[in-house]
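An overview of the molecular structure
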Amino acid sequence: MSKVIVVTSGKGGVGKTTSAAALATGLAQRGHRTVVIDFDVGLRNLDLIMGCERRVVFDFVNVINDGIRLHQALIKDKRVENLFILPTSQTRDKEALTREGVEKVIAELRKEFAYIICDSPAGIERGAQMALYYADEAVVVTNPEVSSVRDSDRILGILNSKSRRAEIGEEPIKQHLLLTRYDLDRVQRGDMLKLDDVLEILAIPVLGVIPNDPLVLQCSNVGMPVILEPKSKAGQAYRDAVARMLGEQVELRFTQPQKRGLVDWLLRRSA
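Here the structure is a predicted model, which means the values were calculated and not measured. (Residues numbered from 1 in each chain as written. Predicted model: local features only at pLDDT ≥ 70, side-chain atom pairs only at ≥ 80, totals over all residues. Heavy atoms only, no water.)

Once that is clear, we can look at the overall build of the chain. Each helix and strand counted, the chain has 13 helices and 8 strands in total. In terms of overall size, the chain behaves like a compact globule, its C-alpha atoms giving a radius of gyration of 19 Å where 271 residues would be expected to give roughly 18 Å. Dimensions of the chain along its principal axes, counting C-alpha atoms only, are 70 × 40 × 35 Å. Burial analysis of the chain (271 residues in total) assigns 53% to the buried set. Put simply, of all contacts in the chain between residues at least 6 apart along the chain, 75% involve residues at least 24 apart. Carbon together with sulfur atoms contributes 48% to the accessible area of the chain, which is approximately 13300 Å² in total. Measuring between centres, the 38 positive side-chain charges of the chain sit 3 Å from its 36 negative side-chain charges. (Helix = DSSP H or I, 4+ residues; strand = E, 2+ residues; numbered from the N terminus. Rg over C-alpha atoms; globule rule 2.2 N^0.38 Å. Buried < 20%, exposed > 50% of the residue type's maximum accessible area, 1.4 Å probe, protein only. Contact = heavy atoms within 4.5 Å. Areas by Shrake-Rupley, 256 points an atom, 1.4 Å probe, with all protein chains shown as cover. Lys, Arg positive; Asp, Glu negative; His and termini not counted. Charge placed at Lys NZ, Arg CZ, Asp CG, Glu CD.)

This is the structure:
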């Protein structure tokens, strides 16, 4: 049975699209037929992160409003088998999405894909509500900062009250926390919230903790999901998150300082 998973956040700039691309890629790598949809009409970035911006001919809005067939808009990833991208319009506004249109597209995708990843716009406006309305699960992306966590708490309220599941009285959307840009040095200095602090506020299960990693930006700039970069700690953390999404028991890494050996200690003393 297919799953619709929305990747959402209350605050912009937390790494939501990066996360949607990484999770979708990771699921496809594990052999699951996966599609990732860009719901951020007018401000699309998913195609850039996925490296397929030059291959966009038709988009999500064309399928809903202009009679374009879904298969004409889907882009097959060239690097990962089982992975497809459904880009959105860069010129239309969010009013172009209708609940009926989204429902039709989701229903059609459910017939072909095991996982449908919805890359939501940040915030609680129309586009974000469209992205989460038909979701079975939600990955709430937040940074370890007070404003980001507070906005994520508001998103949890929307997930619990304005989804289709909530409206018809079905089992609530299953929620996961993805904590991004986690910088252990700043956490130890008290400049960032600790994981435990975030959990105390949001009180949802942890899917993953993604360490701050300069390779994330480098990968984005060349149109490659960071999960494909073997040297990236963030990529490793996303792979762990995918494993947990699939029900595997994986130890949570990158949340504690690394133990330093004698050579590291001597080098720091001489610096």
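With that settled, the discussion passes to the pairing of strand β8 (residues 206–211). Counting buried positions over the 6 residues of β8 gives 5, a clear majority of the element. With 4 bridges joining them, strand β7 (residues 174–182) and β8 adopt parallel strand pairing. Bridged to Y182 within β8 is P211. (Pairing = 2+ DSSP bridges.)

Let us now look at the packing of helix α7 (residues 146–161) against helix α10 (residues 195–202). Where α7 meets α10, the closest approach of the two axes is 10 Å, and the angle between their N-to-C directions is 35 degrees. Between α7 and α10 lies a crossing whose hand is right-handed. The segment α7 lies against α10, with V149, S152, D153 and L156 engaging V198, I201 and L202. In terms of residue class, the contact of α7 with α10 is made up of 5 nonpolar, 1 polar and 1 charged. (Axes fitted to C-alpha atoms, helices over the stretch in contact; angles between N-to-C directions. Left-handed = near helix turned anticlockwise from the far one by under 90°. Nonpolar A, V, L, I, M, F, W, Y, C, P; charged D, E, K, R; others polar.)

All right, on to the pattern of salt bridges then. Across all of its chains, the model carries 13 salt bridges by this definition. When the shortest N-O distance is used, the salt bridge between K76 and E81 registers 3.7 Å. Notably, a salt bridge pairs D136 with R110, separated by 3.1 Å at the nearest N-O pair. Residue D136 is located in the loop between α6 (126–133) and β6 (137–142), and its partner R110 is located in helix α5 (residues 99–110); the two are separated by 26 residues in the primary sequence. Given a relative accessible area of 15%, D136 falls into the buried group. R110 gets classed as partly exposed once you look at its relative accessible area, which sits at 28%. Taken together, the shared-partner salt bridges connect R110, D136 and R165 into one network. (Salt bridge = Lys/Arg side-chain N within 4 Å of Asp/Glu carboxyl O.)

What follows deals with the pairing of strand β5 (residues 115–119). Of all 5 residues making up β5, 5 are buried, and the element is well covered by its neighbours. The two faces of β5 match: Y115, I117 and D119 on one face and I116 and C118 on the other face are all buried. Across 5 bridges, the pairing between strand β1 (residues 3–8) and β5 is parallel. Bridging across to β5, V4 finds its partner in I116. Here 5 bridges tie strand β2 (residues 34–38) to β5, and the two strands are oriented parallel to one another. Bridge pairing in β5 places T34 opposite Y115.

For the pair helix α1 (residues 16–29) and helix α12 (residues 233–245), interaxial distance at closest approach is 9 Å and the crossing angle is 60 degrees. The chirality of how α1 crosses α12 is right-handed. Each of T18, S19, A22, L23, G26 and L27 in α1 lies in contact with α12, whose residues at this interface are Y238, A241, V242 and M245. A per-class count over the contact of α1 with α12 returns 7 nonpolar, 3 polar and no charged.

Turning our attention to the environment of A131. As for its position among the elements, A131 is in helix α6. In this structure A131 comes out as buried when scored by relative accessible area, which is 2%. Along the backbone, A131 and K174 are 43 residues apart, and their C-alpha atoms lie at a distance of 15 Å. Not counting residues up to four positions away in its chain, the partners in contact with A131 are V6, F39, C118 and S120.

Further remarks concern the sheet that holds strand β4 (residues 83–86). Ordered in space as β3-β4-β2-β5-β1-β6-β7-β8, the 8 strands form an open sheet in which the pairing is mixed. A strand with exactly one partner marks an edge of an open sheet, and here the two such strands are β3 (75–76) and β8. Sheet topology places β2 next to β4; 4 bridges connect them, and they run parallel. Bridging from a neighbouring strand, V36 pairs with I85 of β4. Each of β1, β2, β4, β5, β6 and β7 touches α1; the most contacted strand, β5, lies at about 170 degrees to it.

Keep in mind these numbers describe shape, not what the thing actually does.
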